[in-house]
Amino acid sequence: MSSHRFMRPCRRAFLAGGTAFAASLAAPSISRAGVRPIFTHGVQSGDVDTMSGMIWTRTDRPARVMMEVSTTESFANARQLAPMTAMPASDFAVKRLIDGLPSDQDIFYRFVAADLNDMQATSEPIVGQFRTAPTARRDVRFAWSGDTAGQGWGIDDEGMRTYATMAQHRPDFFIHSGDTIYADGPMQDEVEKDGKLIWKNSTLIEEKRKVAETLDEFRGQWKYNMMDEHVRAMNAICPTFFQWDDHEVVNNWSDAKDLISDDRYTEKSVHVLQARAARAFHEMTPLRITPAEPGRVYRKISYGPMLDVFFLDLRSYRGPNGASMETEMTDKSRILGAEQLAWLKRELANSKATWKVIASDMPIGLIVWDNWKEQAGAEAISNGDHGAAKGRELEIADLLRFIKTAGIDNTVWFTADVHYTAAHYYNPDKAAFQDFDPFWEFVSGPLHAGTFGPNALDGTFGPEVKFVKAPEEGQGVNLPPSEGLQFFGLVDIDGATQQMTVRLMDRADKELWKVTLDPKGASI
C-alpha cells in the first residue's frame, strides 16, 4: 500500500496544478457541433471513503477523456488527472479511482472528451460531485433500496421518480442492494390489464425487448436505466455503492442454473451469461477493482469513524439452489462461500467503527422459494423449516455465533430483493438457533419495479416483524410503480450521540415507519 494512504493531503497540495487545463475545459474548441464527442449517459461516482472515490462516464466514440477535480464548483485551481481512453472494448465507458483527496470535503469532478480522430473536436464538459467521508464524527446520511426497471415496468412519462425523491434528501451515498438491472425481463411498449392500458413505456431500446444474452445486450440494460433523467440527476450528486443479485444475469441463477427448457434463451450456458453479465456490471458501474480478484463484488467501504459498510455477494459463491436441508456445512450448502465468510469475520473483528452495516443482497429470515409455484427449493438463505439451522442457514448461524463470541457490537443488516419494505428484529429468545445477539434487519425496494409480498418468515433465527408495507389482500401482485408502492430507506447517524435512525420511505416521500437505535459501547 502506498504511503499517501496514511497522509491527509493539505488543501494547497490538492488544488495545485491544472490551471491551464481548467481553462481549456472551460473553452472547448470551436468546431461543428455534429462532430463533437458527447457523453451519452451522464456521470457516476461510487465507493467513496475518506481519501478517494471512483468516477465513471461514457462517450459515443473513441475518445481521449480528460479529467480534473476540485473542491470548488468553479474549478478554480483544479487538479488535472491523467487522461483515459474510451474504446470499443469497454463500450466507450471509462472509470478511475481519484485518490489523495481531503476528507469531509465536497469534491467536484469534470470530464471533457476529445475525438481520437480529430483531437480539436472536443465535447462540452460534464460535471459530477460527491463528498468524501469524514475522519472525525459528523452527521452521516445514506439511503438504500434495490430493484430497478423490473417486471416490465420501464421509463414512463414520469420516469423513475423514486430516484428523484431520494435525491431530495441529499444522502452522502446510496446503497443499491441488487437487481440493479433486469437482464431477464423484456419490456413491451404498453402493458394492459383486464383489457385496459395501465402502463406505457415511453422510452425503450432494442436491448430491452428480449432477454440479455450477448455482452452488448447486457450493456444495453445498464444504458437503458441511465436514460432516465432522475437516475442521471441523482448519479451526478450522490455516489452509489453497488452490489448485485440474480437479475443482473438471469432469474435465481447459481452455478448450476439449467436453461435447457427456457425457450427465450439461445445461449444455454449460465456460465457464459454470467461472464458477460459480470463484465457489463463492472464496466457500467463505479465499483472499485479488487486486484486479487478483479471481478469481486464483496468489499468493505469505511465511511468515517462511525460507519463501516460490508457489501456481501450471496450469488457468486453459492451452491446450487435446492432444498437446503443439509445438516453439515459443505460447498453445496454454502451461500457466502468459505473465502467470503472468512473475509467477513476478519473484517468485522478488525472494524473500529461504531456501526457495522452489513449490506446483503438477500434477506436472512424471509422465505424466498426457488420454485414459487410449487413452494419448493431455497433461493435465499431460509429453507422454510422453522427448526435448527440447516443448509445455507449453517453459514449464517456460524457468522452470528462468531459475532457474539468475538464481542462485535452494533451490526445492522440492510437488504432488498423481495419488492416490499419491512423491519425485522431477530430475537434469540424466540429462535430455534439461539447462539447470537439480537439484531435488526431492514428491507426496502422496489425502486422502480413490480411490487410483491409480503413473504412468510422462517423461525430459525427468531425474526419478529416490527413493520411491513406490501400489497394488501386483493390488490394482486406485480403492481406497477404508478400504484405508489415503491420504497427506499434513509439512515441517519448522529455525529454527537452516534445514534442510528432508520426511516422507511415511499416514492411520494412519505415516512412510513422509523426507529432510533442506541449504539452499544459508544462514547458520547
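The coordinates are above.
A brief look at the structure comes next.

What counts, and at which threshold
Counting restarts for each chain: residues are numbered from 1 in the order of the written sequence. At least 70 in pLDDT is required for a residue's local features to be given in this predicted model, at least 80 for side-chain atom pairs to be given and counted, and no such filter applies to totals for whole chains, interfaces and linings, which use all residues. Excluding hydrogens and water, the side-chain values take into account all heavy atoms of the structure. Here the aromatic set is Phe, Tyr and Trp, taking the six-membered ring for Trp, and pairing holds for ring centres within 6.5 Å; pairs whose planes are under 30 degrees apart are stacked, those over 60 apart are edge-to-face, and all others are tilted. Only DSSP runs of H or I covering at least 4 residues are called helices, and only runs of E covering at least 2 are called strands; the numbering of each starts at the N terminus. For the exposure calls, accessible area comes from a 1.4 Å probe over protein chains only, and a residue counts as buried if that area is under 20% of its type's maximum, exposed if over 50%, partly exposed in between. Whether a charge lies above a ring is judged from NZ of Lys or CZ of Arg, which has to be within 6 Å of the ring centre and within 35 degrees of the ring normal. Between any two strands, pairing holds if DSSP finds at least two bridges. Only the stretch in contact is used when a helix axis is fitted, and all axes are lines through C-alpha atoms; the angle between N-to-C directions ranges over 0 to 180 degrees. Helices are assigned an expected span. That span is 1.5 Å times one less than the residue count. Throughout, a residue-residue contact means that at least one pair of heavy atoms, one from each residue, lies within 4.5 Å. Distance thresholds for patches are 9 Å for like charges and 5 Å for nonpolar side chains (Val, Leu, Ile, Met, Phe, Trp, Tyr), applied to residues having over 30% relative accessible area and no salt bridge. All accessible areas in this document rest on Shrake-Rupley with a 1.4 Å probe, and a residue is counted as covered only by the protein chains that are shown. Only one rule defines a salt bridge in this text: a Lys or Arg side-chain nitrogen within 4 Å of an Asp or Glu carboxyl oxygen. Distance and chemistry together define a polar contact, namely a pair of N or O atoms within 3.5 Å, with one atom able to donate a hydrogen and the other to accept it when in protein, and with adjacent residues in sequence counting only for side-chain atoms on both sides. An angle below 35 degrees is treated as roughly parallel, one above 145 as roughly antiparallel, one from 65 to 115 as roughly perpendicular, and anything else as oblique. Note: crossing handedness is left-handed where the near helix turns anticlockwise from the far helix by less than a right angle, and right-handed where it turns clockwise. Each residue gets one of three labels, nonpolar for Ala, Val, Leu, Ile, Met, Phe, Trp, Tyr, Cys and Pro, charged for Asp, Glu, Lys and Arg, and polar for the others, Gly among them.

This model, assessed by the stated rule, comprises 30 aromatic pairs. Relative to Trp 199, the ring of Trp 153 has its centre 5.6 Å away and its plane inclined at 75 degrees; by these criteria the two rings are edge-to-face. Here Trp 153, found in the loop between strand 9 (140–145) and helix 3 (161–168), pairs with Trp 199, found in strand 12 (residues 196–200); they are 46 residues apart in sequence, far enough to count as distant. Between Phe 467 and Trp 513 the ring centres are 6.1 Å apart and the planes differ by 20 degrees, which places this aromatic pair in the stacked class. Of the two residues, Phe 467 sits in strand 22 (residues 463–469) while Trp 513 sits in strand 25 (residues 511–517), which places them 46 residues apart along the sequence. With relative accessibility at 16%, the residue Phe 467 sits in the buried group. Classification of Trp 513 as buried rests on a relative accessible area of 18%. Aromatic rings pair up to connect Phe 142, Trp 144, Phe 173, Phe 241, Tyr 303, Phe 311, Phe 414, Tyr 425, Trp 440, Phe 442, Phe 467 and Trp 513 into one cluster. Above the plane of the ring of Phe 75 lies Arg 110, whose end atom (NZ or CZ) is 4.1 Å from the centre.

This brings us to the sheet that holds strand 5 (residues 93–98). The strand order across the open sheet built from 3 strands is 1-2-5, with neighbouring strands paired in antiparallel fashion. Each end of this open sheet is capped by a strand with a single partner; those strands are strand 1 (39–46) and strand 5. Looking at each pair of strands side by side, their axes are set apart by 15 degrees on average, direction ignored. Pairing analysis gives 6 bridges linking strand 2 (residues 53–59) to strand 5, with the strands arranged antiparallel. Residue Arg 58 lies in a different strand from strand 5, and its bridge partner there is Ala 93.

Once that is clear, we can look at the sheet that holds strand 24 (residues 500–506). Pairing in this open sheet of 6 strands is mixed, and the strands run 13-10-9-23-24-25 from one edge to the other. The open sheet has two edge strands, strand 13 (240–242) and strand 25, and neither has a second partner. Here the average twist between neighbouring strands, direction ignored, is 20 degrees. As paired elements, strand 23 (residues 487–493) and strand 24 share 7 bridges and run antiparallel to each other. Within strand 24, the residue paired with Asp 492 across the bridge is Thr 501.

Turning our eyes to something else, we now look at helix 6 (residues 270–283). Taking 1.5 Å of rise per residue, the 14 residues of helix 6 would be expected to cover 20 Å, and the 20 Å separating its terminal C-alpha atoms lies within 8% of that figure. Within helix 6 the residues assigned to the buried category are Val 270, Leu 273, Ala 277, Ala 278, Ala 280, Phe 281, His 282 and Glu 283. Looking at the buried positions of helix 6, the neighbouring elements they touch are strand 2, strand 5, helix 4 (215–225) and strand 13.

A contiguous nonpolar patch, built from Met 87, Leu 116 and Met 119 and spanning about 220 Å² of accessible area, is present on the exposed surface. As for its position among the elements, Met 119 is in strand 7 (residues 118–122).

This next bit is on the side chain of Thr 451. In this structure, Thr 451 sits in the loop between strand 21 (439–443) and strand 22. Note on Thr 451: relative accessible area 0%, which makes it buried. Within polar-contact distance, the side chain of Thr 451 engages the side chain of Gln 486 at 3.2 Å. When sequence neighbours within four positions are dropped, the list of residues in contact with Thr 451 reads His 419, Pro 446, Pro 471, Val 477, Asn 478, Leu 479, Leu 485, Gln 486 and Phe 487.

So, about the packing of helix 7 (residues 338–350) against helix 8 (residues 393–405). When two helices pack together, their arrangement is given by the angle between the helix axes and by the axis-to-axis distance. Remark: helix 7 packs on helix 8, axes separated minimally by 11 Å, with the N-to-C direction vectors making an angle of 15 degrees. With respect to each other, helix 7 and helix 8 are oriented roughly parallel. The two elements helix 7 and helix 8 cross, and the hand of that crossing is right-handed. Between helix 7 and helix 8, the contacting residues are Ala 338, Leu 341, Leu 344, Lys 345, Leu 348 and Ala 349 on the first element and Glu 395, Asp 398, Leu 399, Phe 402 and Ile 403 on the second. Split by residue class, the contact of helix 7 with helix 8 holds 8 nonpolar, no polar and 3 charged.

Read these as layout, nothing more, since geometry by itself doesn't imply function.
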